[in-house]
Amino acid sequence: MFKAVFLQIGATILATMIAGAITGVRGALSAALGGAACVLPNLLFALRLYAVSKRPAASYPLEFFVGEFFKIASTVGLLATVPLVYPDVHWLAMVIGSIVALKANLFAFLVKT
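Residues numbered from 1 in each chain as written. Predicted model: local features only at pLDDT ≥ 70, side-chain atom pairs only at ≥ 80, totals over all residues. Heavy atoms only, no water.

So, about the nonpolar core. Among soluble globular proteins, nonpolar side chains are generally buried collectively. Ranked by size, the top nonpolar core spans five residues in total: Val5, Cys38, Val39, Ala46 and Ala101. For this core, the leading source of residues is helix H2 (residues 25-52), giving three residues. (Core = buried A, V, L, I, M, F, W, Y, C linked by side-chain atoms within 4.5 Å. Buried < 20%, exposed > 50% of the residue type's maximum accessible area, 1.4 Å probe, protein only. Helix = DSSP H or I, 4+ residues; strand = E, 2+ residues; numbered from the N terminus.)

Okay, structure coming up:
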């Protein structure tokens, strides 16, 4: 799980740098906020699953599904909060930053540990 989160952080940094080069500081900050809205809930979910891994195996499915629900809800909530916190948001950069962060998980299987 942590490998996927670190890949998301790297992808968000890359998207932020590209958005900053194309659209300036406004786009870079928007891409960073969009990526962070996806990375933070995933990091908390990974930490929660790591903490739960010490418990009996019977609680895994419940913890996973409840954690996944809160991860999705908090991602949507954070994405909805971005325009409130940063009113000058560059929408395309924010959407691309969040999509890049979400799709970085696909590369987790390609990285050797």
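And the narrative resumes.
We now examine the environment of Met1. Within the secondary structure layout, Met1 lies in the segment before helix H1 (2-23). When the C-alpha positions of Met1 and Leu47 are compared, they lie 8.7 Å apart, and in sequence the two are 46 residues distant. When residues no more than four places from it in sequence are discounted, the contact partners of Met1 are Phe45, Ala46 and Leu49. (Contact = heavy atoms within 4.5 Å.)

Orientation of H2 relative to helix H4 (residues 91-103), taken along the N-to-C sense of each, is 40°, at an axis distance of 7 Å. Note on packing geometry: the crossing formed by H2 with H4 is right-handed. Residues Gly27, Ser30, Ala31, Gly34, Gly35, Cys38 and Val39 of H2 form the contact with H4, whose participating residues are Ala93, Met94, Gly97, Ser98, Ala101 and Leu102. Of the residues contributing to the contact of H2 with H4, the split by class is seven nonpolar, six polar and no charged. (Axes fitted to C-alpha atoms, helices over the stretch in contact; angles between N-to-C directions. Left-handed = near helix turned anticlockwise from the far one by under 90°. Nonpolar A, V, L, I, M, F, W, Y, C, P; charged D, E, K, R; others polar.)

It is worth spelling out the environment of Gly10 at this point. Along the chain, Gly10 turns up in helix H1. Put simply, Gly10 and Val100 are 90 residues apart on the chain and 9.9 Å apart in space, counted from C-alpha to C-alpha.

This paragraph deals with the packing of aromatic side chains. Under the counting rule described, the total for this entry stands at four aromatic pairs. Consider the rings of Phe45 and Phe64, whose centres lie 5.6 Å apart with planes at 55°: the pair is tilted. Taken together, the positions of Phe45 in helix H2 and Phe64 in helix H3 (residues 60-85) put the pair 19 residues apart, joining distant regions of the chain. When the ring of Phe64 is compared with that of Phe65, the centres are 5.5 Å apart and the planes differ by 80°; the resulting orientation is edge-to-face. (Phe/Tyr/Trp six-rings, centres within 6.5 Å; stacked < 30°, edge-to-face > 60°.)

Right, let's get into the environment of Leu47. Relative to the elements of secondary structure, Leu47 occurs in helix H2. Relative accessible area serves as the criterion here: at 41%, Leu47 is assigned to the partly exposed category. Once the C-alpha coordinates of Leu47 and Gly77 are considered, the two residues, 30 residues apart in sequence, prove to be 20 Å apart.

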